[in-house]
Amino acid sequence: TQSTWGVPLFCFSRQMIRSVALHGLRRAISCVAAGRDKSADELAKRISSVDGQISELQKRIHDRFLNANKSICIFGAGRSAAVALEYFLNNAADQKWKLHVGDMTPDAVRARIGAHPAADLVTVFEANVESSHSEVVEAIEAADIVVSLLPADQHIHVVRECVARGVDVITPSFVSDEIQALDAAARERGSLVLMECGLEPGLDHMTATAHLRRIRAANGEVVSFESFTGGFLPPELTVGNPWAFKFTTGAADAVAAGRGVSKFADHGHIKYVPYQQVFRRIETFELGKEHFPGQFEAYANKDSLKYRSAYGLDACPTLFRGTLRRLGFCSTWDIFVQLGM
């Protein structure tokens with residue numbers, strides 16, 4: 001559950017562990033060794049030892065998730081699942097995976113798969129996780145691992161059944177209170193519930209953790225933590241798109257993401273921003289990047305405080321997590337909010 005979100009994106013675990021985690025560990029070991037006046041030979045031995053641990057971690061993740069002859073059950077194959085479905089199809093033959101795809105519109109999924117070379121390795125079935133209980137349970141029991149790409153409010157139905165049967169399940173979505181409540185049962189049954197492993201949440205957690213580790217390794221103190229994440233279209237794809245924005249998740253999920261009260265810590269004070277004010281209380285940035293010129297604006301995420309303990313920032317006076325958008329997005333979205341949409 002939430003304690004496992006630091007595991008790297010499973011599709012790219014080998015590359016990410018070595019490029020990100022090992023780099024951070026090298027820096028941390030270097031700082032500790034330098035502070036204790038260790039010899040270069042001893043430092044090299046320490047780094048070699050970490051290298052071995054990383055290799056073992058890579059193997060464990062690969063064996064659990066990506067080893068050959070796995071039966072993988074995927075719930076949800078809509079538009080926002082297109083890239084993930086393509087990944088599984090492209091690797092199914094080499095890895096000897098058996099794919100089972102459950103969706104409310106199986107004919108549309110079959111049409112999407114079409115004449116893909118791995119089409120014969122895929123079984124498509126009709127599944128409504130809220131009502132087709134027997135079909136969902138049967139598919140989960142036959143799987144080595146389950147991937148839920150459903151709308152956010154439907155993950156609980158899949159995760160609950162996976163935990164009850166000790167089956168590993170992955171979904172990139174936020175950990176809801178309902179799913180967090182399954183933590184003890186998941187640990188007891190040995191079911192890995194891996195969530196918050198996309199862009200945001202996901203990569204933001206990993207980069208934040210890497211920075212925090214470097215600061216702590218150098219005996220630094222974090223007195224303010226602010227994190228902003230956003231996915232942007234390149235400028236050439238924004239022509240004719242006044243928001244310069246594309247829905248990469250279900251539109252309903254994107255609308256729901258901004259609803260509710262936003263909570264964060266600001267110089268030792270807990271701030272609450274109601275939904276009617278979220279898109280009016282924004283910050284403006286210039287990233288200064290060649291491919292993303294111009295100004296950007298950021299609004300507060302729903303609940304920054306839930307990550308205090310996970311980041312080890314319980315005593316940090318300022319903790320703010322926000323979402324980045326192109327300039328003008330928030331003022332336009334605020335119109336829908338004020339209209340009650």
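What counts, and where the lines are drawn
Residues numbered from 1 in each chain as written. Predicted model: local features only at pLDDT ≥ 70, side-chain atom pairs only at ≥ 80, totals over all residues. Heavy atoms only, no water. Salt bridge = Lys/Arg side-chain N within 4 Å of Asp/Glu carboxyl O. Helix = DSSP H or I, 4+ residues; strand = E, 2+ residues; numbered from the N terminus. Buried < 20%, exposed > 50% of the residue type's maximum accessible area, 1.4 Å probe, protein only. Pairing = 2+ DSSP bridges. Contact = heavy atoms within 4.5 Å. Axes fitted to C-alpha atoms, helices over the stretch in contact; angles between N-to-C directions. Parallel < 35°, antiparallel > 145°, perpendicular 65-115°, else oblique. Left-handed = near helix turned anticlockwise from the far one by under 90°. Nonpolar A, V, L, I, M, F, W, Y, C, P; charged D, E, K, R; others polar. Core = buried A, V, L, I, M, F, W, Y, C linked by side-chain atoms within 4.5 Å. Phe/Tyr/Trp six-rings, centres within 6.5 Å; stacked < 30°, edge-to-face > 60°. Lys NZ or Arg CZ within 6 Å of the ring centre and 35° of its normal.

Undergrad: What's the story with the pattern of salt bridges in this structure? I'm lost.
TA: When their charged atoms lie close together, side chains carrying opposite charge are able to pair. Going through the model one piece at a time under the given rule, you end up with eight salt bridges. Of the charged contacts in the structure, one is a salt bridge between Arg110 and Asp107, with a shortest N-O distance of 3.0 Å. Of this pair, Arg110 and Asp107 are both found in helix α4 (residues 106–113), three residues apart, which corresponds to roughly one turn of the helix. With a relative accessible area of 60%, Asp107 lands in the exposed category. Salt-bridge contacts for Arg187 lead to Asp183; the nearest nitrogen and oxygen are separated by 2.9 Å.

Undergrad: It is not clear to me how the sheet that holds strand β6 (residues 193–194) should be interpreted in this structure. Could you clarify?
TA: Strand pairs in the sheet, formed through backbone hydrogen bonds, run parallel or antiparallel to each other. Read across the sheet, six strands follow the order β3-β2-β1-β4-β5-β6 without closing on themselves; strand pairing throughout is parallel. Both edges of this open sheet fall to β3 (122–126) and β6, since each of them pairs with a single strand only. In the packing of α4 onto the sheet, contacts are made with β2 (98–103) and β3, and the angle to β3 comes to roughly 155°. Here helix α6 (residues 155–164) sits on the sheet in contact with β1 (71–75), β4 (145–148), β5 (168–170) and β6, set at roughly 170° to β4.

Undergrad: For this particular structure, what's the right way to read the packing of helix α5 (residues 133–141) against α6?
TA: Two quantities define a packed helix pair, namely the angle between the axes and the distance from one axis to the other. Contact pair α5 / α6: the axes reach a minimum separation of 10 Å and the direction vectors enclose 50°. Relative to α6, the element α5 is oriented oblique. You can see that α5 and α6 cross each other, and the crossing is right-handed. Residues His133, Val137 and Ile140 of α5 form the contact with α6, whose own contacting residues are Val158, Glu161 and Cys162. Residues of the contact of α5 with α6, tallied by class, amount to four nonpolar, one polar and one charged.

Undergrad: What is the right way to look at the nonpolar core in this model?
TA: Across soluble globular proteins, nonpolar side chains have a tendency to be buried as a group. Ranked by internal contacts, the top residues of the largest apolar core, which has 24 residues, are Phe75, Val146, Val158 and Val193. Those elements that place two or more of their residues in this core are β1, α5 and α6. Tallying contributions element by element places α6 first for this core, with five residues. One finds Ala77, Val101, Ala118 and Val124 within the second-largest nonpolar core, a separate group that totals 23 residues.

Undergrad: How should I be thinking about the pairing of strand β9 (residues 269–273) in this particular structure?
TA: Remember that side chains alternate between the two faces of the sheet whenever the strand is regular. Inspection of the sheet shows strand β8 (residues 262–266) paired to β9 by five bridges, in the antiparallel sense. Across the sheet, residue Ser262 finds its bridge partner in β9, namely Val273. Connecting β8 to the next strand, β9, in antiparallel fashion are two residues, including His267 with a positive phi near 50°.

Undergrad: Could you clarify how one ought to interpret the packing of aromatic side chains in this entry?
TA: The way to describe two aromatic rings as a pair is by their centre distance and the angle between their planes. Scanning all chains against the criterion turns up 13 aromatic pairs. Aromatic pair Trp333 and Phe336: ring centres 6.1 Å apart, planes at 90°, arrangement edge-to-face. With Trp333 and Phe336 both in helix α13 (residues 329–338) and three residues apart, this pair spans about one turn of that helix. Connected via pairs of aromatic rings, a cluster forms that spans Phe279, Tyr299, Phe329, Trp333 and Phe336. Sitting above the plane of the Tyr307 ring, Arg321 keeps its charged end 4.4 Å from the centroid. We note Arg325 situated over the ring of Phe329; from NZ or CZ to the ring centre the distance is 5.4 Å.

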